[in-house]
Amino acid sequence: MSIGIKGKWIIAYDGKEHRLLRDGVLVTEGKRIKYVGKKYSGKVDRWIDASRHVVSPGFICTHTHASSAPKDKSFIDDTGAKSLYMSSLGENLTALGRSINPEDYHVFAKYSMAELLRSGCTTMVEIGMVGTLGAETTVKYIGEMMMRAVEGVGISDGRWRRSQAANFQTVWGEPEDGLKRLDKAEEFVKKYDGELDGRLIAALYPSTVDQVSEGLQRAVREKADELKVPVSIHAAQWVVEFQNMIRMYKMTPVEFLKHTGLLGPDLIIGHGWATAGHPLLAYPEVGGSDLQILAESGATVSHDPLVFLKRGNKMHSHTKYLNAGVNVSIGCDTSPQDMLNEMRMASYVTKLADWSCFSGTAAEVYTSATIGGAKGIGRDDLGRLAEGCLADIAVIDMQTINNVPCRDPVKNLVNCATRADVMYVIVNGEVVVEEGKLLTIDEATLVEDVQRTTEAVWDRIKDNHYQNLESDEVSPQSFKPWEE
Ligand SMILES: [Zn+2]
């Protein structure tokens, strides 16, 4: 199958960086891009008219929890735990997570992929589906939804324990249990890497910097070097973790990752904002700069702005990290899982963090959401439109109520576009979204299923909250109910 797209604008890659190609043509052949340029005289099986659109590489979301993130929507907004520095981790998210029944993960996983695809996202670094659905079902659903996904088995040998008084600490388990998890992770890599015609990219997922011991982090590093697959870990993601790391190891999370050797060019750190010098941490750069360590290592920081914005916090800052030489990508983490929205948040929050209109530019966040993410997963054939690259493409209408007038489609993508403007999404050379409609699932049924499923989750919160609070007590409705 070959597809030709005639675009008003094409964000084309010149081998070094994105370029704006006016009135261009892109041609796919099978799962790869065959041609990007001004004129194409050959035949194709199908032409897509993108004469009012921008043709963009599909976005790469480098941090998502597909089988559980939808539970956050309509709930975690305007909430947080004061004793945990406004985080929802360890309290509200724990109560919500425990209220999910095993069958709920199925509908959430499909919905998350639908949300992402509809926002022009073609690749997700997904954490959690294998643990909640099992390997086989995970791969089956990714296959059916037609996404490209980085997947792996969660690895840890510690867990968090929270007392009633909100003392939050790591409790270590048996080292052998962690190594057994690593064996399972290796099995997954060997069985599934490259499946789904290359759409399945296997990875190693040590869970969090404070739930994976020093020994296990070293073992993961060895295994990653042997298997040559991407690695992702949660680190520098909240104040409590940062303080616990200082108390346990006298090192910042970033320093500890360097110490264990896990830090390297194959590592994606979600979320990586809790670095020495961040204003919320009140911890100066006494032992050197975390950003410098990150830059020298070649690791990627997944900037996932929305979830932290909701807690009143932000990375300091996307632009500062880039200027320090750190590779920065973008992920959604929470709901809504919408890469257009996430790029917008990344841009605005960076301007605020730096008090500067020159920070968080559209070019910076767009590059992070494409080339930055591809670099994170070690791929130079994704996140860009060039001959020989994989045909993962989003075609977005620029002549809509959101996007007119359009002079600079990258600025409008970051500042104005919504999912409703995403007309075509192509993954591995196959059309997955056509005229704004997802072809791989019935959206109307999916929407009903998600609403019903999540209402039941909210009803179960009382049984799973550490103080047995009702959902309306944990997350009050915005307005009181009408009374007659
Ligand atoms: Zn996460």
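A word on the coordination of the zinc ion
Thought 1: The coordination sphere of the zinc ion, as far as protein atoms go, consists of H63 (NE2), H65 (NE2) and H234 (NE2), spread over 2.0 Å.
Thought 2: In terms of primary sequence, the donors binding the zinc ion are separated according to H-x1-H-x168-H. Note that H65 is positioned in the loop between β5 (59-64) and α1 (92-98) and H234 in strand β13 (residues 231-235), a separation of 169 residues in sequence.

A closer look at the pattern of salt bridges
Thought 1: Tallied over the full model, the rule gives 24 salt bridges.
Thought 2: The partner of R460 in a salt bridge is D104, with the nearest N and O atoms 2.8 Å apart. Of this pair, R460 sits in the loop between α15 (443-459) and α16 (461-464) while D104 sits in helix α2 (residues 104-118); the two residues are 356 residues apart in sequence, bridging distant segments of the chain.
Thought 3: Residues joined in a network through salt bridges with shared partners are K73, E115, D338 and R419.

Comments concerning the domain arrangement of the protein
Thought 1: Domain boundaries assigned for the protein yield domain 1 (2-57 + 387-435) and domain 2 (59-376).
Thought 2: Between domain 1 and domain 2, the residue contacts involve 27 residues of the former and 30 residues of the latter.
Thought 3: With both sides pooled, the region where domain 1 packs onto domain 2 buries about 2,300 Å², and carbon together with sulfur makes up 59% of that total.
Thought 4: At the surface where domain 1 touches domain 2, the tally comes to four salt bridges.

Focus on helix α4 (residues 135-145)
Thought 1: By the burial criterion, the buried members of α4 are T138, V139, Y141, I142, G143 and M145.
Thought 2: Backbone geometry just after α4 places M146 at a positive phi near 70°.

Let's talk about the environment of I441
Thought 1: Inspection of the secondary structure puts I441 in the loop between β20 (437-438) and α15.
Thought 2: Separated by 296 residues in the primary sequence, I441 and M145 have C-alpha atoms spaced 7.1 Å apart.
Thought 3: In this structure I441 touches K110, M145 and L446, once residues within four positions along its chain are discounted.

Quick notes on helix α13 (residues 362-376)
Thought 1: Given a rise of 1.5 Å per residue, 15 residues ought to cover 21 Å, and the 20 Å separating the end C-alpha atoms of α13 matches this to within 8%.
Thought 2: Residue S368 marks the point of greatest curvature in α13, where the axis turns by about 45°.
Thought 3: Of all the 15 residues making up α13, twelve are buried; the element is thus mostly covered by neighbouring parts of the structure.
Thought 4: Of the residues making up α13, those classed as buried are A362, E364, V365, Y366, S368, A369, T370, I371, G372, G373, A374 and G376.
Thought 5: Two residues or fewer past α13, G378 is found with a positive phi of approximately 70°.

A short note on the sheet that holds strand β4 (residues 46-57)
Thought 1: With mixed pairing, the eight strands of this open sheet are ordered in space as β3-β2-β1-β4-β17-β18-β19-β20. The open sheet terminates on both sides in strands that have one partner only, identified here as β3 (32-37) and β20.
Thought 2: Where strand β1 (residues 2-13) and strand β2 (residues 18-29) come together, eleven bridges link them in antiparallel fashion. When the bridges of β2 are listed, K6 appears paired with V25.

Quick word on the packing of aromatic side chains
Thought 1: According to the stated counting rule, one finds nine aromatic pairs in the structure shown.
Thought 2: Ring centres of F59 and Y366 lie 5.9 Å apart, and the angle between their planes is 90°; on these two criteria the pair is classed as edge-to-face. Separated by 307 residues along the polypeptide, F59 in strand β5 and Y366 in helix α13 bring together distant segments of the chain. Judged on exposure class, the residue F59 and its partner Y366 are both buried.
Thought 3: Here the aromatic rings of F242 and Y283 are separated by 5.3 Å at their centres, their planes lie at 70°, and the arrangement is edge-to-face. One end of the pair, F242, is in helix α7 (residues 239-249); the other, Y283, is in the loop between β14 (267-271) and α9 (290-297), and 41 residues separate them in sequence.
Thought 4: In this arrangement the basic side chain of K6 is found over the ring face of W47, its NZ or CZ atom lying 4.3 Å from the centre.

Looking at unusual backbone geometry
Thought 1: Cis rather than trans, the peptide bond between G270 and H271 has omega equal to 20°.
Thought 2: Examined against the element boundaries, H271 turns out to sit in strand β14.
Thought 3: Unusually for a residue other than glycine, M146 sits at a positive phi of about 70°.
Thought 4: Mapped onto the fold, M146 is located in the loop between α4 and β7 (148-151).
Thought 5: For M146, a relative accessible area of 13% puts it in the buried group.

Brief notes about the packing of helix α5 (residues 175-192) against helix α6 (residues 214-227)
Thought 1: As a packed pair, α5 and α6 sit with axes 10 Å apart at the nearest point and diverge in direction by 15°. By the angle between their axes, α5 is roughly parallel relative to α6. The interaxial crossing formed by α5 with α6 has right-handed handedness. Taking contact as the criterion, the partners of G178, L179, L182, E186, V189 and K190 in α5 are, on α6, L216, A219, V220, K223, E226 and L227.
Thought 2: Its residues assigned to classes, the contact of α5 with α6 shows seven nonpolar, one polar and four charged.

Looking at the nonpolar core
Side chains of nonpolar character tend, in soluble globular proteins, to be buried together.
Thought 1: Among the nonpolar cores identified, the biggest contains 116 residues, and M129, L204, L257, L267, L294 and M343 are the most heavily contacted of them.
Thought 2: It is α2 that provides the largest number of residues to this core, a total of nine residues.
Thought 3: Counting the residues that make up this core, at least three belong to each of domain 1 (2-57 + 387-435) and domain 2 (59-376).
Thought 4: Every residue in contact with L257, bar those within four places of it in the chain, is listed here: V209, Q217, I233, A235, L262, L263, L267 and I269.
Thought 5: Listed in part, the 22 residues of the second largest apolar core include I5, L21, L26 and M423.

Scoring rules and cut-offs
Residues numbered from 1 in each chain as written. Predicted model: local features only at pLDDT ≥ 70, side-chain atom pairs only at ≥ 80, totals over all residues. Heavy atoms only, no water. Donors = N, O, S within 2.8 Å, 3.2 Å for Na, K, Ca; no water. Helix = DSSP H or I, 4+ residues; strand = E, 2+ residues; numbered from the N terminus. Salt bridge = Lys/Arg side-chain N within 4 Å of Asp/Glu carboxyl O. Domains from an automatic or database assignment. Contact = heavy atoms within 4.5 Å. Buried area = accessible area lost by both parts, 1.4 Å probe. Buried < 20%, exposed > 50% of the residue type's maximum accessible area, 1.4 Å probe, protein only. Expected span 1.5 Å × (residues − 1). Bend = angle between axes of the 7 residues up to and from the residue. Pairing = 2+ DSSP bridges. Phe/Tyr/Trp six-rings, centres within 6.5 Å; stacked < 30°, edge-to-face > 60°. Lys NZ or Arg CZ within 6 Å of the ring centre and 35° of its normal. Axes fitted to C-alpha atoms, helices over the stretch in contact; angles between N-to-C directions. Parallel < 35°, antiparallel > 145°, perpendicular 65-115°, else oblique. Left-handed = near helix turned anticlockwise from the far one by under 90°. Nonpolar A, V, L, I, M, F, W, Y, C, P; charged D, E, K, R; others polar. Core = buried A, V, L, I, M, F, W, Y, C linked by side-chain atoms within 4.5 Å.

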